[in-house]
Amino acid sequence: MTSAATVSAGSGPERPPGAVQAGPPAAVPAGPPLASPGELLRRLRQRHAADPVTHVERVPPRDGVPASWPSWAPEELRAAYARRGVTTPWRHQAEAAGLAYDRRHVVVATGTASGKSLAYQLPALATLLADPRATVLYLAPTKALAADQLRAVAALEIDGVRPACYDGDTPRAEREWIRRHSRFVLTNPDMLHHGILPGHAQWSGFLRRLAYVVVDECHVYRGVFGSHVAHVLRRLRRQCARYGRADGPTFVLASATSGDPAAAAGRLTGLPVTAVTEDTSPRAGVTFALWEPPLLSPDPSAAASGEPGSDLTQVRRSALRETADLLADTVATGVRTLAFVRSRRGAEVVATSARRSLDEAVPGLGDRVAAYRAGYLREERRELERALLHGELLGLASTNALELGVDLIGLDAVVICGYPGTRASLWQQAGRAGRSGQEALAVLVARDDPLDTYLVHHPEAVFGAPVEATVLDPANAYVLGPQLACAAAEAPLTTADLELFGDGAKEAVAALVEAGALRQRPTGWYWRHRERPEVDLRGEGGAPVCVVEAATGRLLGTVDGGSAHFLLHPGAVYLHQGVSYVVDSLDLDDGCALVHPEEPDWSTHARDVTSLSVVSVRSYVDAGPVGLFLGEVDVTSQVVSYQRRRIATGEVIDTRPLDLPARELRTVAVWFTLSPESLVDTGVAPADVPGALHAAEHAAIGLLPLVATCDRWDIGGLSTAVHPDTEAPTVFVYDGHPGGAGFAERAYGMAASWLRATRDAIAECGCEAGCPSCVQSPKCGNGNNPLSKPDAIRVLDVVLTNLPE
């Protein structure tokens, strides 16, 4: 294996002992190719009496369009690619590489496995060969992707490049070597924000010679996270200019297919960006199935529990159980499969269930399946990546940590457990399957919620609709202020800097001065404190909480601070690598949860309560009996209890109280009001108004990702028969991040189409009184009570009749 630092003999200084080794991934044992995705799908469908497949889309194969190597590409680099089996670039690769080499900022937005890596590697490495002092900075949203790209660059064995990963996993003994000698540094926005920019003096040589900044998978940078990263990139540009790089580095961005990638990349970097969007790479055919789990018979024992929402409503088989069975079935037939699951906990559940099923069929076969998610320790992640690359694992249940570009060789099938929130992510995940031109299978398993149900019965919304535009708002005051504080801590802010940070910068600096964070002097604005500002890029609600086994003191993993109230409250069941633990205590001040191993036959589900007040109205539409508003709101929420539910049946065992602190949020919301008279006229009795609005709220939250690049967990809602600030029946939907994330604005602008899809999803659901597929919510703090499905349709009819298109 080739050293990442010394990719050819005599290429540069020796790395210190313990340096990470990286090279080309080992060849994966080929195994039997997937004979026919259609035949495999036919076998999978036979497990159910009623066919679970609602639609099959055949994505045809496509021939590639090659191009000549650009004249500026050195022969040494062409030969390196030839050794890796790349004899000529595809046309879009050559076009993007040419723009970047001409020092024009470019985004290449093409499909999965279209070779976007070569589009940025080619100009970057050619420049490093031509200029022995030039440097390159590569940014990936995940450590796994950066490690994968390190292997790819190191495998080219280009003399003198010395690529290296610099992230939280990099040993301290190695960091100084990287700063001094690596010319191709791979990292992530978090490390750039927390490590490189605060220590910019130690990186002065690297920044002075920085020729290219590669921003990989840039469609991930949306919402609050994207807005923070936009300012981190501006801070990077500022430091490069301070150290003499007056013209600044060239930005090369890679994105999944997305709506208006040039505009999104421009907002992210603050620079004019040219987009290359025509995908000219060859593509194998994909059979894409939409799969709706079957209905289960009502559980009389659940109704007898007397819990709210535990009536005889029919529910569907869990998408997690269905995905686990599909993963087990494909692995049992030798099909290499990746299952994408929305949550960390879900990935553990799917992997554990699939392993159990496989071991029952063939003892030991379950060892070929594992879970992969964030929160694992570095050693665990690297071992799983190694086992996957070497073919020791046949099946993997993963969060989106493996969605992003990681070179997963030899996958035949992908199972997607629940719509991932955007069509861009859906196609990114589906594109993980397919090897060496072989046909592949992708299956979207619908969760029991309004959006998934809508999509599997409206395939045109999946296969016929354009991919969404990326939503981010760098002018968000709750992002801009903290980022300006970080910039000032790195070096005093000047008037010229404020133009770099864009709209709202002057007002944000004035607010920081008034708050005592900055001091204005003739030479600029200075940070007043000894400690650096604490800024969380990902909006995860604070520092991670460590999960520690009480008896041994062993660190099992981490959970982000924003999720700790829901996942690590006392009594919660926590899963790690298939082993179940129960939380004994949660210390939020120290960021530590103590757990003990236990295998209960129940799962836990936290419940919260929310209150909301209107702060200001930014915009509104007066539509007679209906009003549509966009504005700022204050939201107070508190996790107050949790349910224990039987794993086998979903039966509610009991509800237990919790004593956790309330959390407050100022954010942006969209809301609509109705006059009481309009509700009476449409047949909604006053006693039924709370249930009507509550049901409409749940469905509206579930369908919002159809028009905005968000997840239903990124947003919240509240409904009330009479709100004190509106004095009318009102439904609120708000962004779940401080200052908003741009989702409410998108909902306000697309209100008619959003609410019409919501109305259709409720009306077309086959249940009688409401179910998780239409108006019930998995995150409802009131136990989905009260809810009125027919009255929700009437409420939305009133809104749509009066609201302009």
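Quick look at the structure, then. Every value quoted in this text rests on a predicted model; they were computed, and no experiment measured them. (Residues numbered from 1 in each chain as written. Predicted model: local features only at pLDDT ≥ 70, side-chain atom pairs only at ≥ 80, totals over all residues. Heavy atoms only, no water.)

1. Details of the overall build of the chain
And step 1. Secondary structure assignment for the chain yields 26 helices and 27 strands.
And step 2. The buried share among the 805 residues of the chain stands at 58%.
And step 3. Long-range contacts, defined here as pairs at least 24 residues apart, represent 73% of the contacts in the chain between residues at least 6 apart.
And step 4. For the chain, the computed accessible surface area is about 30900 Å², with 52% contributed by carbon and sulfur atoms. (Helix = DSSP H or I, 4+ residues; strand = E, 2+ residues; numbered from the N terminus. Buried < 20%, exposed > 50% of the residue type's maximum accessible area, 1.4 Å probe, protein only. Contact = heavy atoms within 4.5 Å. Areas by Shrake-Rupley, 256 points an atom, 1.4 Å probe, with all protein chains shown as cover.)

2. Considering the packing of helix α3 (residues 91-101) against helix α4 (residues 116-130)
Helix-helix packing is characterised by the crossing angle of the two axes and by the distance between the axes.
And step 1. Packing of α3 against α4 leaves a shortest axis separation of 8 Å and a crossing angle of 40°. Classed by the angle they form, the pair α3 and α4 counts as oblique. Handedness of the crossing formed by α3 with α4: right-handed. Contact with α3, carried on its side by Q93, A96, A97, A100 and Y101, involves L118, A119, L122, P123, A126 and T127 of α4 and no other residues of that element.
And step 2. The class makeup of the residues in the contact of α3 with α4 is nine nonpolar, two polar and no charged. (Axes fitted to C-alpha atoms, helices over the stretch in contact; angles between N-to-C directions. Parallel < 35°, antiparallel > 145°, perpendicular 65-115°, else oblique. Left-handed = near helix turned anticlockwise from the far one by under 90°. Nonpolar A, V, L, I, M, F, W, Y, C, P; charged D, E, K, R; others polar.)

3. Topic: the environment of P198
And step 1. Mapped onto the elements of the fold, P198 is located in the loop between α7 (189-196) and α8 (204-208).
And step 2. Overall, P198 belongs to the partly exposed group, its relative accessible area being 26%.
And step 3. Through-space distance from the C-alpha of P198 to that of C486 is 8.2 Å; in sequence the pair is 288 residues apart.
And step 4. In contact with P198, other than residues within four places in its own chain, are L192, H193, E490 and R532.

4. Brief notes about the sheet that holds strand β12 (residues 395-398)
One key point about sheets: their strands pair by backbone hydrogen bonds, in either a parallel or an antiparallel sense.
And step 1. A sheet is described by the order of its strands in space; here seven strands give the open sequence β1-β9-β14-β13-β10-β12-β11, paired in mixed fashion. Pairing within the sheet leaves two strands with one partner each, and these edge strands are β1 (53-59) and β11 (369-372). This sheet shows a mean twist of 15° between the axes of neighbouring strands, independent of strand direction.
And step 2. Bridge count for β1 against strand β9 (residues 286-291) is six bridges, and the pairing is antiparallel. Counted as the bridge partner of V59 is V286 from β9.
And step 3. Against the sheet, helix α15 (residues 423-430) touches β1, β9, β10 (337-341), β13 (413-417) and β14 (440-445), its axis set at about 145° to β13.
And step 4. Helix α16 (residues 450-457) contacts β1, β9 and β14 of the sheet and is inclined by roughly 125° relative to β9. (Pairing = 2+ DSSP bridges.)

5. So, α7
And step 1. When you tally the buried positions in α7, you get six out of eight residues, the bulk of the element.
And step 2. Among the residues of α7, P189, D190, M191, L192, H193 and I196 are the ones counted as buried.
And step 3. For α7, the elements touching its buried residues are β3 (135-139), α6 (172-181), β5 (184-187), α9 (223-242) and α18 (477-490).

6. Overview of the sheet that holds β5
And step 1. The sheet built from seven strands is open, its strands ordered β4-β5-β3-β6-β7-β2-β8 with parallel pairing. Bordering the open sheet on either side are β4 (163-165) and β8 (274-276), each of which pairs with just one other strand. With strand direction ignored, the average angle separating the axes of adjacent strands in the sheet is 15°.
And step 2. Here β4 runs beside β5; their pairing, made up of three bridges, is parallel. Residue pairing in the sheet places A164 in a bridge with V185 of β5.

7. Regarding unusual backbone geometry
And step 1. Unlike most non-glycine residues, R162 shows phi in positive territory, near 55°.
And step 2. Among the secondary structure elements, R162 is positioned in the loop between α5 (143-155) and β4.
And step 3. If you check the backbone angles, E217 has positive phi at about 50° while not being a glycine.
And step 4. Looking at where E217 falls in the secondary structure, it is placed in the loop between β6 (210-215) and α9.

8. Overview of the nonpolar core
And step 1. Formed by 116 residues in total, the largest nonpolar core has its most connected members in F288, L704 and W754.
And step 2. It is helix α23 (residues 689-703) that contributes the most residues to this core, nine residues altogether.
And step 3. When residues no more than four places from it in sequence are discounted, the contact partners of F288 are H55, V56, E57, I416, L426, W427, A430, A442, L444 and F463.
And step 4. Ranked by size, the runner-up nonpolar core spans 40 residues in total, among them V153, F184, Y212 and V252. (Core = buried A, V, L, I, M, F, W, Y, C linked by side-chain atoms within 4.5 Å.)

9. Here we look at the pattern of salt bridges
And step 1. Within the structure shown, the criterion is met by 28 salt bridges.
And step 2. When the shortest N-O distance is used, the salt bridge between E549 and R554 registers 3.5 Å.
And step 3. Residue class for R554 comes out partly exposed when judged on its relative accessible area of 42%.
And step 4. With its nearest N and O atoms 3.0 Å apart, the salt bridge here joins R618 to E745. Linking R618 in strand β22 (residues 602-623) with E745 in helix α24 (residues 743-749), this pair joins segments that are 127 residues apart in sequence.
And step 5. Its relative accessible area of 45% is what places R618 among the partly exposed residues.
And step 6. The network of salt bridges with common partners includes R47, R317, E322, D325 and D329. (Salt bridge = Lys/Arg side-chain N within 4 Å of Asp/Glu carboxyl O.)

10. A word on the packing of α7 against α9
And step 1. Look at α7 against α9: their axes get within 10 Å of each other, and the N-to-C directions meet at 50°. By the angle class used here, α7 and α9 are oblique. The way α7 lies across α9 gives a crossing that is left-handed. Seen from α7, the contacting residues are P189, L192 and H193; seen from α9, they are V229, V232, R235 and L236.
And step 2. Each residue belonging to the contact of α7 with α9 can be placed in one class, and the counts come to five nonpolar, one polar and one charged.

11. A few points about the environment of G38
And step 1. Counting through the fold element by element, G38 comes out in helix α1 (residues 37-45).
And step 2. For the pair G38 and V286, spaced 248 residues apart in sequence, the C-alpha separation works out to 9.7 Å.

These values are about where atoms sit, not about what they do.
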